[in-house]
2 protein chains.
Amino acid sequence: MLFSKACHYAIRAALYISSRSENIVPIREISDELEISFHFLTKILQQLTRHHILTSLKGPKGGVGLNKPAEEISLKSIVLAIDGQDFFEGCLLRLDKCSDAHPCPIHDEWKPVRRQLLNFLESTTLDQFQSKVKSKKFRMKV
Amino acid sequence: MLFSKACHYAIRAALYISSRSENIVPIREISDELEISFHFLTKILQQLTRHHILTSLKGPKGGVGLNKPAEEISLKSIVLAIDGQDFFEGCLLRLDKCSDAHPCPIHDEWKPVRRQLLNFLESTTLDQFQSKVKSKKFRMKV
DNA sequence: TCCTTTTAAGACTAATTTGTCTTAAATATA
DNA sequence: TATATTTAAGACAAATTAGTCTTAAAAGGA
Ligand code: FES
Ligand code: FES
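Residues numbered from 1 in each chain as written. Chains lettered and ligands numbered in written order. Predicted model: local features only at pLDDT ≥ 70, side-chain atom pairs only at ≥ 80, totals over all residues. Heavy atoms only, no water.

A. A look at the interface of chain A and chain B. Contact with chain A, which involves 42 residues of that partner, is made by 42 residues of chain B. Note that B:Lys132 is salt-bridged to A:Asp108, the shortest N-O span being 3.1 Å. Remark: the boundary between chain A and chain B carries 16 residue pairs in polar contact (both at pLDDT 80 or more). Contributing elements (two or more residues each) for the side of chain A that touches chain B: helix 1 (5–19), helix 5 (86–89), helix 6 (107–123) and helix 7 (130–135) of chain A. Here the side of chain A that touches chain B takes 7 residues from helix 6 of chain A, the largest share from any one element. For the side of chain A that touches chain B, the class distribution of residues is 25 nonpolar, 6 polar and 11 charged. (Contact = heavy atoms within 4.5 Å. Salt bridge = Lys/Arg side-chain N within 4 Å of Asp/Glu carboxyl O. Polar contact = N/O pair within 3.5 Å; in protein donor to acceptor, adjacent residues only side chain to side chain. Helix = DSSP H or I, 4+ residues; strand = E, 2+ residues; numbered from the N terminus. Nonpolar A, V, L, I, M, F, W, Y, C, P; charged D, E, K, R; others polar.)

This is the structure:
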């Protein structure tokens, strides 16, 4: 699959958080709504917090929230925070690093396709889905 | 990453095999040339053989070879043989199955991007790389 | 026929990813 | 200030993926 399971969870949670009007949402609410293990999700969201994509607040009324406007949070930034750069700089054949200087045989054909994928991840931001998520007409679990 | 490690190995090996003019190439030669563990590679290539992408021959002068013309072996068929359908029918959020009937919030935006990816995998076949691989000017390992 | 070479099959181990659990630290509020 | 609530951190366990090793089966050639 494209990304790790943790990364998919992160994207789902980010969509959910960004659709809630409250600044701060308890992780327990997210894990209940999305049916993701609370502890595992907590660990994943901590990474987003460390990458300053989310903020967090301890104690009663605590939880996590977006650390910047939804239109400034791209899918790419989430993938980068959870899965690292492998996806972005990796060679299709898993050779050391994709590079124009030392290309593998598929490099020329793969590059434009990857470019489109990156464009999608870069240009796609959380705000684009807020109304869809709020409408509750779209699957967020199972 | 896009595919499993085994799948990347399979693609590399398939490229190598298709570039050799001999019908049959010993797996030991492939594993030496591509610096992939012989036993692991053997297991992976067995899957391609079971999926009728390769043929194999035991004994002296044995090895593996393409089971059909290189232009009929797409990257998609290799990915399918090794990693299964997950990549092709999976939802970007890892929900049960991507479907137009029960879409997730990202479905509409993701679908065309995935379509391009699938087009690439479907339309890209081994014959397109034979001369590049033969020229030995392109990285096949490390 | 017998020996050697090579793939097939599958048990086994190692590494990585995923998931669980416990304890600590922070904070709102009574 | 004391208590309850919530995230942070990290040890630990389970599951999956990656990789190793041994033995069997097939096939060519002496
Ligand atoms: S070097 Fe392989 S895809 Fe660029
Ligand atoms: S249902 Fe999620 S991408 Fe189609």
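B. Highlighting the pairing of strand 1 (residues 54–57) of chain A. Residue and element names in this part refer to chain A. Where strand 1 meets strand 2 (residues 63–66), 4 bridges bridge the pair, whose relative direction is antiparallel. Within the sheet, the bridge partner assigned to Thr 55 lies in strand 2 and is Gly 65. Connecting strand 1 to the next strand, strand 2, in antiparallel fashion are 5 residues, including Gly 59 with a positive phi near 80°. (Pairing = 2+ DSSP bridges.)

C. Highlighting the packing of aromatic side chains. One pass over the structure, following the stated rule, counts 8 aromatic pairs over all chains. Judged by centre distance (5.4 Å) and plane angle (45°), the rings of A:Trp110 and B:Phe120 are tilted. Pair noted here: A:Trp110 is in helix 6 and B:Phe120 is in helix 6 (residues 107–123), and the two residues belong to different chains. Exposure class is identical for A:Trp110 and B:Phe120. Each is buried. Through successive ring pairs, a cluster of aromatic residues spans A:Phe3, A:Phe87 and A:Phe88. A cation over a ring is seen here: A:Arg28 above A:Phe38, with NZ or CZ 3.9 Å from the ring centre. (Phe/Tyr/Trp six-rings, centres within 6.5 Å; stacked < 30°, edge-to-face > 60°. Buried < 20%, exposed > 50% of the residue type's maximum accessible area, 1.4 Å probe, protein only. Lys NZ or Arg CZ within 6 Å of the ring centre and 35° of its normal.)

D. Quick peek at the protein's contact with DNA strand C. What surrounds DNA strand C is a group of 24 residues, the closest being A:Ser37, A:Phe40, A:Pro60, B:Ile27 and B:Ser56. Considering DNA strand C, the proportion of its atoms within 4 Å of the protein that are sugar or phosphate atoms stands at 62%. Measuring from a phosphate oxygen of DNA strand C, one finds a side-chain N or O atom of A:Ser37 at 2.8 Å. Within the side chain of B:Arg50, an N or O atom sits 3.2 Å from a phosphate oxygen of DNA strand C. Mapped by element, the contributors of at least two residues to the surface near DNA strand C are helix 1 and helix 3 (38–50) of chain A together with helix 3 (38–50) and strand 1 (54–57) of chain B. Ranked by residues supplied to the surface near DNA strand C, first place goes to helix 3 of chain B with 4 residues. (Near = heavy atom within 4 Å.)

E. Looking closely at the pattern of salt bridges. Residue and element names in this part refer to chain B. Overall, the coordinates contain 18 salt bridges over all chains when judged by the stated rule. Glu 29 is the salt-bridge partner of Arg 20, the closest N and O atoms lying 2.6 Å from each other. Judged by its relative accessible area of 24%, Arg 20 is partly exposed. On the accessibility criterion, Glu 29 (21% relative accessible area) is partly exposed.

F. Local environment of the protein's contact with DNA strand D. Close contacts around DNA strand D come from 23 residues, with A:Ile27, A:Ser56, B:Lys5, B:Ser37 and B:Phe40 the closest. The sugar-phosphate portion of DNA strand D accounts for 61% of its atoms within 4 Å of the protein, the bases making up the rest. In the model, a phosphate oxygen of DNA strand D is placed 3.3 Å from a nitrogen or oxygen of the A:Arg50 side chain. Within the backbone of A:Gly59, one N or O atom sits 3.1 Å away from a sugar or linking oxygen of DNA strand D.

G. Here's a closer look at the relation of the copies chain A and chain B. Screw-axis analysis of chain A against chain B gives a translation of 0.0 Å along the axis, an RMSD of 0.0 Å, and a rotation angle of 180°. With respect to symmetry, the two chain copies, as superposed, fit the operation of a two-fold axis. For chain A, the smallest separation between a C-alpha atom and the rotation axis is recorded for A:Leu2, amounting to 2.2 Å. (Least-squares fit on C-alpha atoms with pLDDT ≥ 70 in both.)

H. Structural detail: the environment of A:Ile82. All names here are of chain A. Within the secondary structure, Ile 82 is located in helix 4 (residues 75–83). Between the alpha carbons of Ile 82 and Phe 3 there is a distance of 9.1 Å; along the sequence they are 79 residues apart. Contact partners of Ile 82, with chain neighbours within four places excluded, come to Ser 4, Ala 6, Cys 7, Ala 10, Ile 44, Gln 47 and Leu 48.

I. How the structure looks around the packing of helix 3 of chain A against helix 4 of chain A. Residue and element names in this part refer to chain A. At a closest axis distance of 9 Å, the pairing of helix 3 and helix 4 adopts a crossing angle of 115°. When the axes of helix 3 and helix 4 are compared, the pair comes out roughly perpendicular. Seen from above, helix 3 lies across helix 4 with right-handed handedness. On the side of helix 3, the interface is formed by Ile 44, Gln 47 and Leu 48, while helix 4 contributes Ile 78, Ala 81 and Ile 82. Taken together, the residues that form the contact of helix 3 with helix 4 break down as 5 nonpolar, 1 polar and no charged. (Axes fitted to C-alpha atoms, helices over the stretch in contact; angles between N-to-C directions. Parallel < 35°, antiparallel > 145°, perpendicular 65-115°, else oblique. Left-handed = near helix turned anticlockwise from the far one by under 90°.)

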